Amino acid sequence: GTAQIGVTGLAVMGRNLARNFARNGYTVALHNRTASRTRDLVEQFGHEGTFVPAETAEEFVAALERPRRLVVMVKAGAATDAVIDEFAPLLEPGDMIIDGGNAHFADTRRREAALRERGLHFVGTGISGGEEGALNGPSIMPGGSEEAYESLGPMLETISAKAADGTPCCTHIGADGAGHFVKMVHNGIEYADMQLIAEAYDLLRHGAGYEPARIAEVFRGWNAGRLDSYLIEITAEVLAHVDAATGQPLVDVILDQAEQKGTGRWTVQIALDLGVPVSGIAEAVFARSLSGHADLRAVGRGLAGPTPVALPADEAERFASQVEEALYASKVVSYTQGFHQLQAAGAEYGWTLDLGAIAGIWRGGCIIRAAFLDRITAAYAKDAALPSLLADEQFAGELGAAQDAWRTVVATAARLGIPVPGFATALSYYDALRAPRLPAALTQGQRDFFGAHTYHRVDRDGVFHTTWSEDRSEEQQS
Ligand code: 2AM
């Protein structure tokens, strides 16, 4: 075969990825279960590069140079297994199957182990940036073996987005499911970012009393500063958009029930298993699910509380700038939590994750791309063993400077009755870390009382139990 890479599964993501490879000069073999999609691609986009269309799996495999690189772009789940079962028997040792779907990392680990037994490389690869990114340059998070990356990496780096400094937004993440894991946490962080932006909007709307068009202007201003990011930019676009049918701001006619496809939920489920507090991501997932409970919200509308009355005009502007500070500080906290999860996963699954490089490849192509990510890369460059992003002097300094505004915003939201689960949980995380003593001591006392679960003391080593139901003397257990 002559094709350097093949793509099977030619729905829009697969099609755009295949075009991206071809536009970059690679010869691309094409395959799809339903052959008409393959023919359509060649008919519409054949002029963009060199494609080798294949009707059958055998033809497709034969079209590829060895070792073969076969990209699978089908719906995550059973379809991925079906495609692997179809192709694996046709492949030879050293060939690579690249799964570019949104697979759960545990499935990727299972598939990688099974294919490794047969001498095949399985490269679970996170791809972020949607249809547009797939075509023009996504952020790419490949897992799998070093050996596979040596062969495949240069091609993926070529088609990836480039950061402002020209660096490819693609790096080998780590073994087996590491790439899909990192993509999952990327999505979790994306949920948190979106929730925080939504809360900032709500505060500007009902606290500052601004109309959507004005809020769009505020966001454009923020986008010129440290919050410079794709999500802030598109938020301004959405807020400025007027619905053609009603003449109302579009945001006022969209049903306020957020949906989700599941990667945010996975992030939180796994964080629970790893014992990592990702409260910002969790609140974002819960905020979406709460919004969808129309029945519950109908009950809630009858509950007592303040009706938000906008602040007087002279205070509104100051409040808006405080919201910017609260948003930035809360965002730093949710990234801190997300990177903590990456660190914990690295230890649990045996991946050597380069956290600075991971922040680096999110600077372009993906949904959370942001100028701010440079600071995370810089923090890990200064100290690769940083126990938390909040241990970095620059982040700690920025949060210290933002905290007065952050507290004012959360307190004002509480007073006005504006829900801010993301801002509030981020501030609580910050304060919990600051606290010299946490009420966890009391929790331990309660656990010892009802379940004899024991406790440690601050002044002596050992494990202790108080005989609560007897004379309440203390016993040392070990
Ligand atoms: P299709 O065009 O034949 O439906 C997104 O659904 C992509 O995944 C499509 O290219 C689709 O092929 C492919 N796909 C879905 N399920 C599949 C399966 N079980 N086997 C092979 N391809 C599948």
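Residues numbered from 1 in each chain as written. Predicted model: local features only at pLDDT ≥ 70, side-chain atom pairs only at ≥ 80, totals over all residues. Heavy atoms only, no water.

1. A few points about the overall build of the protein chain
So, step 1. Counting secondary structure elements, the protein chain contains 20 helices and nine strands.
So, step 2. Relative to a compact globule of 478 residues, whose C-alpha radius of gyration would be 23 Å, the protein chain shows 26 Å and is just as compact.
So, step 3. Across its three principal directions, the C-alpha atoms of the protein chain cover 75 × 70 × 45 Å.
So, step 4. Looking at the 478 residues of the protein chain, the share that counts as buried comes to 50%.
So, step 5. Pairs at least 24 residues apart make up 66% of the contacts formed inside the protein chain by residues separated by at least 6 positions.
So, step 6. Of the roughly 21800 Å² of accessible surface on the protein chain, 52% is carried by carbon and sulfur atoms.
So, step 7. Considering the protein chain, the positive charge centre built from 40 side chains and the negative charge centre built from 61 side chains are found 2 Å apart. (Helix = DSSP H or I, 4+ residues; strand = E, 2+ residues; numbered from the N terminus. Rg over C-alpha atoms; globule rule 2.2 N^0.38 Å. Buried < 20%, exposed > 50% of the residue type's maximum accessible area, 1.4 Å probe, protein only. Contact = heavy atoms within 4.5 Å. Areas by Shrake-Rupley, 256 points an atom, 1.4 Å probe, with all protein chains shown as cover. Lys, Arg positive; Asp, Glu negative; His and termini not counted. Charge placed at Lys NZ, Arg CZ, Asp CG, Glu CD.)

2. So, the nonpolar core
So, step 1. Counting residues in each nonpolar core, the largest one holds 90 residues, and the members touching the most others are Phe219, Trp362 and Phe423.
So, step 2. Once you skip the residues sitting within four places of it in the chain, Phe219 turns out to touch Ile197, Ala200, Tyr201, Leu204, Ile232, Thr235, Ala236 and Leu239.
So, step 3. Counting residues in hydrophobic clusters, the runner-up holds 28 residues, among them Val7, Val71, Met96 and Tyr149. (Core = buried A, V, L, I, M, F, W, Y, C linked by side-chain atoms within 4.5 Å.)

3. Structural notes on the site of the ligand
So, step 1. Neighbouring residues of the ligand: Gly9, Leu10, Ala11, Asn32, Arg33, Thr34, Arg37, Val74, Ala79, Ala82 and Val83.
So, step 2. Residue Arg33 places a side-chain N or O atom 3.0 Å away from an oxygen atom belonging to the ligand.
So, step 3. Here an oxygen atom of the ligand sits 2.5 Å away from a polar atom, N or O, in the side chain of Arg37.
So, step 4. When the ligand is considered free in solution it has 470 Å² of accessible area, and contact with the protein chains removes 76% of it.
So, step 5. Applying the majority rule of atoms within 2 Å of the grid points places the ligand in the second largest pocket.
So, step 6. In terms of residue count, helix H4 (residues 78-87) provides more of the shell around the ligand than any other element does, three residues in total.
So, step 7. Across the shell around the ligand, the residue classes tally to six nonpolar, three polar and two charged. (Near = heavy atom within 4 Å. Polar contact = N/O pair within 3.5 Å; in protein donor to acceptor, adjacent residues only side chain to side chain. 1 Å grid on protein atoms, 1.4 Å probe; cavity = no way out; pocket = protein on both sides within 12 Å on 5 of 7 lines; lining within 4 Å. Sits in = over half its atoms within 2 Å of the grid points. Nonpolar A, V, L, I, M, F, W, Y, C, P; charged D, E, K, R; others polar.)

4. Section: the sheet that holds strand E7 (residues 139-142)
So, step 1. Pairing within the open sheet is mixed, and its seven strands lie in the order E3-E2-E1-E4-E5-E6-E7. Edge strands, defined here as strands with exactly one partner in the open sheet, are strand E3 (50-53) and E7. Pairwise comparison of adjacent strand axes, ignoring direction, gives a mean angle of 25° for this sheet.
So, step 2. Note that strand E6 (residues 121-128) and E7 share four bridges and pair antiparallel. Within E7, the residue paired with Ile127 across the bridge is Ile140.
So, step 3. Lying over the sheet, helix H8 (residues 178-206) contacts strand E5 (96-99), E6 and E7, oriented at roughly 15° with respect to E6. (Pairing = 2+ DSSP bridges. Axes fitted to C-alpha atoms, helices over the stretch in contact; angles between N-to-C directions.)

5. Here's the deal with the packing of helix H15 (residues 313-349) against helix H18 (residues 393-416)
So, step 1. Contact pair H15 / H18: the axes reach a minimum separation of 7 Å and the direction vectors enclose 125°. In terms of orientation, H15 lies oblique with respect to H18. The interaxial crossing formed by H15 with H18 has left-handed handedness. Of the residues in H18, those touching H15 at Phe319, Gln322, Val323, Glu325, Ala326, Tyr328, Ala329, Ser330, Val332 and Val333 are Phe395, Glu398, Leu399, Ala401, Ala402, Ala405, Trp406, Thr408, Val409 and Thr412.
So, step 2. When the residues that make up the contact of H15 with H18 are grouped by side-chain class, the tally is 14 nonpolar, four polar and two charged. (Parallel < 35°, antiparallel > 145°, perpendicular 65-115°, else oblique. Left-handed = near helix turned anticlockwise from the far one by under 90°.)

6. A few points about the environment of Glu146
So, step 1. With respect to the helices, strands and loops of the structure, Glu146 is situated in helix H7 (residues 146-159).
So, step 2. When the C-alpha positions of Glu146 and His172 are compared, they lie 7.6 Å apart, and in sequence the two are 26 residues distant.

7. Focus on the pairing of E3
So, step 1. As paired elements, strand E2 (residues 27-31) and E3 share four bridges and run parallel to each other. When the bridges of E3 are listed, Val28 appears paired with Phe51.
So, step 2. Note that the unit made of E2, helix H2 (residues 35-45) and E3 has a crossover that is right-handed. (Right-handed = clockwise from strand over helix to strand, strands pointing away.)

8. A look at the layout of surface pockets
So, step 1. In this model, the largest pocket occupies a volume close to 2000 Å³.
So, step 2. As for the largest pocket, its lining consists of 43 residues, and the residues nearest its centre are Ala198, Asp202, Asp256, Ser291 and Arg297.
So, step 3. Elements represented by at least two residues in the lining of the largest pocket include exactly H8, helix H10 (230-240), helix H11 (250-253), helix H13 (279-292) and helix H14 (294-300).
So, step 4. Looking at the lining of the largest pocket element by element, the count peaks at 11 residues for H8.
So, step 5. Within the lining of the largest pocket, the residues separate by chemical class into 25 nonpolar, eight polar and 10 charged.
So, step 6. What the second largest pocket holds in volume is close to 1400 Å³.
So, step 7. Along its surface, the second largest pocket is lined by 44 residues, and Met13, Lys75, Ala76, Asn102 and Lys261 are the ones closest to its centre. (Points joined across faces, edges and corners; volume = space filled by probe spheres on them.)

9. Some thoughts on the packing of helix H9 (residues 212-222) against H10
So, step 1. At a minimum axis separation of 8 Å, H9 and H10 run at an interaxial angle of 160°. Here H9 lies roughly antiparallel to H10, going by the angle between them. Of the two possible hands of crossing, H9 and H10 adopt the one that is left-handed. On the side of H9, the interface is formed by Pro212, Ala213, Ile215, Ala216, Phe219 and Arg220, while H10 contributes Ile232, Thr235, Ala236, Leu239 and Ala240.
So, step 2. Looking at side-chain class alone, the contact of H9 with H10 contains nine nonpolar, one polar and one charged residues.

10. Focus: the confidence of the model for the protein chain
The predicted structure's coordinates, where accompanied by low pLDDT, should not be read in detail.
So, step 1. Summarising the model, the protein chain shows a mean pLDDT of 97, and 100% of its residues fall at 70 or more.
So, step 2. Note on the complex model: pTM 0.97, ipTM 0.98. (pLDDT = per-residue confidence, 0-100.)

11. Quick look at unusual backbone geometry
So, step 1. Residue Arg66 is joined to Pro67 through a cis peptide bond whose omega torsion reads -5°.
So, step 2. Within the secondary structure, Pro67 is located in the loop between helix H3 (57-62) and strand E4 (69-72).
So, step 3. Despite not being glycine, Ala452 has its phi angle at roughly 50°, a positive value.
So, step 4. Locating Ala452 in the fold gives a position in the loop between helix H20 (440-451) and strand E8 (464-466).
So, step 5. When its relative accessible area of 43% is taken as the criterion, Ala452 is described as partly exposed.
So, step 6. A positive phi angle, near 65°, is found at Arg472, a position not held by glycine.
So, step 7. Along the chain, Arg472 turns up in the loop between E8 and strand E9 (474-476).

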